[in-house]
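Coordinate analysis (summary)
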Amino acid sequence: MLEALEREAYYDLLAASPDARFHQSWDYEAARTDGCRFEAVHVGGVATALVRIRTTPVLPRGLAYVYFGPAFATPAAPSAQIQEVLVALREEYAGRRRLLLRVVPPLQPALAQQFRDALTQCGYRALAGVADYRTILLDLDADLDAIKSGFKKRLRYGVNRAGRNGFEIEEGTTLDLYDRFLALYDDMWERKQFATGVDPQWIRTVQGQLPDRFKLRVRVARLGDQDMAATVHAHVGDTVLYLLGATRVETEQPPERQYAAHCLHWDVIESAVAAGTRWYDLGGIDPEANPGGYAFKDAFGGDDVTGLGAWEVGGAIGSRIVVGVGAQLRQLRAQLRQRRVRS
């Protein structure tokens, strides 16, 4: 029932699944974690799951991790099918291999209750102390006028004004274009010193490894000879995901130089609707830590949705010790790397 796949075969299955997400891409996991095995699993002919395996060098104990998955071949999987997949994963990784199995279900509001019930019935337990993914999810199953009419007034004004300001948009997947985004981002970070949960340098590494059909789309808005704003989006499955954004910081910015970011977001929506993409995920919100970012994303008029968090099952005591120590070491390494990047 479990079939390990090679990288190309895994990407073929992922490309065919409307339920797939960028976080499930092979290279996303490979770039974020050193010293792991990766197993792409095809379950029962209907689902794919990327399982990350971290074990000790001498003792095969550690963590099996399914992140934002499994991804189903149809967007409305029945409860029995979800249970079948979760049982298969539990029996293989927690049972036969005695690893600690951790699952973060996909962000699919229509399947949330089915996933919660299935996880509970299959013996998985919710992992406490882990912040659930919360975002604004905009339904794109409408014409552009209807989507724009759902924007809050200030966002609608910004989009309309951006259209009159004459920004030139460049869009592509090259690292040269990504580096132009990085230049804007680094300057913005130096001036504002904001907290961020995504390392743009690490995302650049991912971009260099992804196959062409899964590469991130970079958009840069120019005015004259200056880059004014840039965004980075993932287009995977039936969702376009906003990963990163940056705008030029100017002491005084007249109206004719404003709203470049609005221009880019509207261009993404136009392209997604034309391609038949169903959802626009605004990339996470935190109203308390980042009220400005939350206000901007909330103005799109989408639904405020929260994921189911992480769930675990099984795990011999050796695996639990390995996972606990490893998590502490990775957290320390990430802090040191972030300091080096910004020093």
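For the structure itself, consult the block above.
In this text the structure is predicted, and so the values were computed from the model without any measurement.

Attention now moves to helix 10 (residues 291-298). Regarding helix 10, the residues found buried are Gly293, Lys297 and Asp298. Looking straight down helix 10, one finds its buried side chains confined to an arc of 130°; they lie on one side. Opposite the buried face of helix 10, at more than 90 degrees from it, the exposed residues are Pro291 and Gly292. Considering only its buried residues, helix 10 is in contact with strand 8 (134-139) and strand 12 (239-247).

What follows covers unusual backbone geometry. The omega torsion across glycine 69 and proline 70 is 5°, close enough to zero to call that bond cis. Checked against the element boundaries, proline 70 lands in the loop between strand 4 (62-67) and strand 5 (71-72). Even without being glycine, phenylalanine 68 reaches a positive phi, approximately 55°. On the secondary structure map, phenylalanine 68 appears in the loop between strand 4 and strand 5. Positive phi is not limited to glycine here, since arginine 98 has a value of about 60°. Note on placement: arginine 98 falls in the loop between helix 3 (79-96) and strand 6 (100-104). Of the residues examined, arginine 98 reaches a relative accessible area of 42% and is grouped as partly exposed.

Another point: the sheet that holds strand 9 (residues 168-172). Within a sheet, adjacent strands bond to each other through the backbone by hydrogen bonds, running parallel or antiparallel. Pairing is mixed across the open sheet formed by 7 strands, whose spatial order is 9-10-11-12-13-8-14. Looking at which strands have only one partner, the edges of the open sheet turn out to be strand 9 and strand 14 (303-306). When strand polarity is set aside, the average angle formed by the axes of neighbouring strands in this sheet is 30°. Looking at chain direction, strand 8 and strand 14 are connected through 4 bridges and run antiparallel. Counted as the bridge partner of threonine 135 is valine 305 from strand 14. Docked against the sheet, helix 9 (residues 260-275) engages strand 8, strand 9, strand 10 (217-223), strand 11 (226-236), strand 12 and strand 13 (279-281), running at close to 30° with respect to strand 11.

For the rest of this paragraph, the subject is the nonpolar core. Ranked by size, the top nonpolar core spans 44 residues in total, and within it Phe22, Tyr178, Phe181, Leu216 and Leu244 carry the most contacts. For this core, the element with the most residues is helix 7 (residues 175-192), which contributes 8 residues. Discounting residues that sit within four places of it in the chain, tyrosine 178 has contacts with Pro200, Ile203, Arg204, Val218, Val232 and Leu244. If you look at the next biggest cluster of nonpolar residues, it comprises 28 residues, including Ala49, Val51, Val85 and Tyr93.

On inspection of all chains with the given rule, the structure shows 20 salt bridges. The salt bridge involving arginine 7 is made with aspartate 27; its shortest N-O contact spans 2.7 Å. Taken together, the residues arginine 7 in helix 1 (residues 7-16) and aspartate 27 in helix 2 (residues 26-32) connect sequence positions 20 residues apart. With relative accessibility at 27%, the residue arginine 7 sits in the partly exposed group. Classification of aspartate 27 as buried rests on a relative accessible area of 6%.

This part is about the packing of aromatic side chains. Applying the stated criterion to the full structure yields 16 aromatic pairs. Measuring from ring centre to ring centre gives 4.9 Å for tyrosine 11 and phenylalanine 214, while their planes differ by 40°; the resulting arrangement is tilted. One end of the pair, tyrosine 11, is in helix 1; the other, phenylalanine 214, is in the loop between helix 8 (200-209) and strand 10, with 203 residues separating them in the sequence. No difference in accessibility class separates tyrosine 11 from phenylalanine 214, as the two residues are buried. Centre to centre, the rings of tyrosine 280 and phenylalanine 300 are 6.2 Å apart; their planes meet at 90°, and the pair counts as edge-to-face. A residue pair is termed long-range when its members are at least 10 positions apart, and tyrosine 280 in strand 13 and phenylalanine 300 in the loop between helix 10 and strand 14 qualify at 20 residues. Phenylalanine 300 sits in the buried class, given a relative accessible area of 2%. Through a chain of ring-to-ring contacts, three or more aromatic side chains come together here, namely Phe22, Tyr28, Tyr65, Tyr67, Phe68, Tyr133 and Trp202.

About the cut-offs
- Residues numbered from 1 in each chain as written.
- Predicted model: local features only at pLDDT ≥ 70, side-chain atom pairs only at ≥ 80, totals over all residues.
- Heavy atoms only, no water.
- Buried < 20%, exposed > 50% of the residue type's maximum accessible area, 1.4 Å probe, protein only.
- Helix = DSSP H or I, 4+ residues; strand = E, 2+ residues; numbered from the N terminus.
- Arc of directions from axis to C-beta.
- Contact = heavy atoms within 4.5 Å.
- Pairing = 2+ DSSP bridges.
- Axes fitted to C-alpha atoms, helices over the stretch in contact; angles between N-to-C directions.
- Core = buried A, V, L, I, M, F, W, Y, C linked by side-chain atoms within 4.5 Å.
- Salt bridge = Lys/Arg side-chain N within 4 Å of Asp/Glu carboxyl O.
- Phe/Tyr/Trp six-rings, centres within 6.5 Å; stacked < 30°, edge-to-face > 60°.

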